[in-house]
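What follows is each chain in one-letter form.
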Amino acid sequence: MVVVMEMSSSNQQIEAVNLKLDQLGFQTQMIRGVKRIVIGAVGDRRSSDILELQLMPGVEKIVPIMKPYKLVSREGRDENTVIKVGNVTIGGDNLAIIAGPCAVESRQQLLTAAYQVKRAGGQIIRGGAFKPRTSPYSFQGLELEGLKILKEAAQATGLPVVTEVIDEGSLQMALDYVDMVQVGARNMQNFRLLKAVGQTDIPVLLKRGMSATIEEWLMAAEYIISEGNGRVILCERGIRTFETATRNTLDLSAVPLVKRLSHLPVIVDPSHGTGDRGLVQPMSMAAIAAGADGLILEMHPEPAKALSDGPQSLTPEELEQVMGQLSLLLPAVARQLPTNAIRESA
Ligand code: PEP
Ligand code: MN
């Protein structure tokens, strides 16, 4: 359930309610919205407790939450959550564009890509330092060296960076170098990793597992938030279906559905979602039209030479074209891109 506090409730009243919930055996979490404060309370709900809480000074109402994902659910929080990654906001009016290569391959490659992303109007740079590959013989990532290169790119361009973490060790390493961590599709139900990122306060880009239902995906987000880190951004990246013509089937209906079910921001990855660079632009447009808060796009300075995911990586010119097309959609979806994005890609 959530305890919704009155707008005028004092800190003392909020603390008293928190204490009472604690005494009644609830696990609590304070959610401070722009308009009001609500206290999420997970535990066994008895009607006598509800009555007692309802009568406490400063309490407006008690709302039971039926969904199994209590903290993620929109039932407990009406307003959209907006998450700051460096100076970029995700989930508000801003359309957040994350772009960069699948993997950090070298200092030269990543720095070149980072400047290309910036020029095109991208706001966050991506690049994998730890690559979870299907084959143990494929390129596994530069690990610590990759993290150092990402940090250098962030400092050189002024843009924040995101990288995937694959276990608790890589998470601890990444915390010193990046602005956001990604939990990839293959690790969406790695519950120890979810708990570990939940115990930090770094923003987490949580990809949908390749055969995860929406409820399983939202429960994965619940794992993170229940550990105390509310800075979760969901990412639809395609699911496995019978179709083999595309790498995955990009489930765009997930975007408005998840936004109905949850207050968390939702972005889309049309690169892994299709596996085909020729489909990235139309699916980017479709994702934004469906209400996505942003995109994560693979772009490589020379896709033909990429060590991973070349066929789905845009060229720098194609990234600029996608940005130009997106700017045409902005009035229709009442969103904004930073002015440099519009100017540079027009
Ligand atoms: C990636 O972003 O490079 C990646 C491996 O993504 P996913 O986990 O969605 O496959
Ligand atoms: Mn990739």
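Just above, that's the structure.
Residues numbered from 1 in each chain as written. Chains lettered and ligands numbered in written order. Predicted model: local features only at pLDDT ≥ 70, side-chain atom pairs only at ≥ 80, totals over all residues. Heavy atoms only, no water.

Q: Could you give me a rundown of the side chain of Gln109, with the residues and numbers involved?
A: Topologically, Gln109 is positioned in helix α3 (residues 107–120). Residue classification places Gln109 among the buried positions, given a relative accessible area of 8%. Polar side-chain contacts of Gln109 include one of 2.9 Å to the backbone nitrogen of Glu105. Among the polar contacts listed, one links the side chain of Gln109 to the side chain of His300, at a separation of 3.5 Å. Gln109 has contacts with Pro101, Ala103, Val104, His300 and Pro301, leaving out every residue within four places of it along the chain. (Helix = DSSP H or I, 4+ residues; strand = E, 2+ residues; numbered from the N terminus. Buried < 20%, exposed > 50% of the residue type's maximum accessible area, 1.4 Å probe, protein only. Polar contact = N/O pair within 3.5 Å; in protein donor to acceptor, adjacent residues only side chain to side chain. Contact = heavy atoms within 4.5 Å.)

Q: Which residues make up the pattern of salt bridges, and what are the values?
A: This model, assessed by the stated rule, comprises 14 salt bridges. Put simply, Glu298 and Arg126 hold a salt bridge, and the shortest N to O gap is 3.4 Å. Of the two residues, Glu298 is situated in strand β14 (residues 294–298) and Arg126 in strand β8 (residues 124–126); the sequence distance between them amounts to 172 residues. Across the pair, exposure class does not vary: Glu298 and Arg126 are buried alike. Note that Glu302 is salt-bridged to Lys305, the shortest N-O span being 3.1 Å. (Salt bridge = Lys/Arg side-chain N within 4 Å of Asp/Glu carboxyl O.)

Q: Provide a residue-level description of unusual backbone geometry, including the pertinent values.
A: In this model, Glu143 sits at a positive phi of 55°, which is unusual for a non-glycine residue. Even without being glycine, Ala334 reaches a positive phi, approximately 50°. As for its placement among the helices and strands, Ala334 is situated in the loop between α11 (316–333) and α12 (339–345).

Q: Tell me about the environment of Gln123, residues and numbers included.
A: Mapped onto the elements, Gln123 comes out in the loop between α3 and β8. Linking Gln123 and Thr89, residues 34 residues apart in sequence, is a C-alpha distance of 9.6 Å. Leaving out residues up to four positions away in the same chain, Gln123 has contacts with Val88, Asn94, Leu95, Ala96, Ile97, Leu159, Pro160, Leu337 and Pro338. A distance of 2.8 Å separates the side chain of Gln123 from the side chain of Asn94, its partner in a polar contact. In this structure the side chain of Gln123 is engaged in a polar contact, spanning 2.7 Å, whose partner is the backbone oxygen of Leu95.

Q: Break down the coordination of the manganese ion (ligand 2) for me, with residues and values.
A: Binding of the manganese ion (ligand 2) to the protein goes through Cys102 (SG), His272 (NE2), Glu298 (OE) and Asp309 (OD), at separations of 2.0 to 2.4 Å. Sequence spacing of the donors to the manganese ion (ligand 2): C-x169-H-x25-E-x10-D. With His272 in helix α9 (residues 270–274) and Glu298 in strand β14, this residue pair connects regions lying 26 residues apart in the sequence. Judged on exposure class, the residue His272 and its partner Glu298 are both buried. (Donors = N, O, S within 2.8 Å, 3.2 Å for Na, K, Ca; no water.)

Q: Please give an account of the site of ligand 1 that cites residues and values.
A: The full set of residues close to ligand 1 is Cys102, Arg126, Lys131, Glu164, Gln182, Gly184, Ala185, Arg186, Lys207, Arg237, His272 and Glu298. Within the backbone of Ala185, a nitrogen or oxygen atom sits 2.7 Å from an oxygen atom of ligand 1. Protein coverage of the free-state accessible area of ligand 1, which is 290 Å², stands at 97%. (Near = heavy atom within 4 Å. Areas by Shrake-Rupley, 256 points an atom, 1.4 Å probe, with all protein chains shown as cover.)

Q: Can you lay out the sheet that holds strand β3 (residues 37–42) for me, pointing to particular residues and giving the numbers?
A: The four strands are arranged β2-β3-β1-β4 in an open sheet whose pairing can be described as antiparallel. Taken across any chain shown, the strands that pair with only one partner, and hence form the sheet edges, are β2 (27–32) and β4 (59–63). Within the sheet, the average angular offset between the axes of one strand and its neighbour, ignoring direction, is 20°. The pairing of β2 with β3 spans six bridges and is classified as antiparallel. Looking at β3, one finds that Met30 is bridged to Ile39. Sheet strands touched by helix α1 (residues 11–23): β1 (2–5), β2, β3 and β4. Its angle to β3, the strand with the most contacts, is close to 5°. (Pairing = 2+ DSSP bridges. Axes fitted to C-alpha atoms, helices over the stretch in contact; angles between N-to-C directions.)

Q: For the nonpolar core, give the residues involved together with the corresponding values.
A: By size, the foremost hydrophobic cluster in this structure holds 71 residues, and its most contacted members are Val181, Leu206, Leu234, Leu297 and Leu326. At seven residues, helix α7 (residues 214–226) tops the list of elements feeding residues into this core. Beyond its immediate sequence surroundings of up to four residues, Val181 is in contact with Val162, Thr163, Val165, Leu171, Ala174, Val197, Ile202, Pro203, Val204 and Leu205. In this structure, Val3, Val17, Leu24 and Val59 belong to the second largest nonpolar core, which totals 15 residues. (Core = buried A, V, L, I, M, F, W, Y, C linked by side-chain atoms within 4.5 Å.)

Q: Lay out the sheet that holds strand β12 (residues 232–236) in plain terms, naming residues and giving numbers.
A: Sheet strands associate in pairs through backbone hydrogen bonding, adopting either a parallel or an antiparallel arrangement. Sheet architecture is closed into a barrel: eight strands sit in the order β7-β8-β9-β10-β11-β12-β13-β14, paired in parallel fashion. Between one strand axis and the next, the sheet turns by 30° as a mean value, whatever way the strands run. Summarising the sheet, strand β11 (residues 204–207) and β12 pair through four bridges and their orientation is parallel. Across the sheet, residue Val204 finds its bridge partner in β12, namely Val232. Packing of α3 onto the sheet brings it into contact with β7 (96–100) and β8, and relative to β8 it is tilted by some 145°. Against the sheet, helix α8 (residues 254–261) makes contact with β12 and β13 (266–268), and its axis sits at roughly 170° relative to β13, the strand it touches most.

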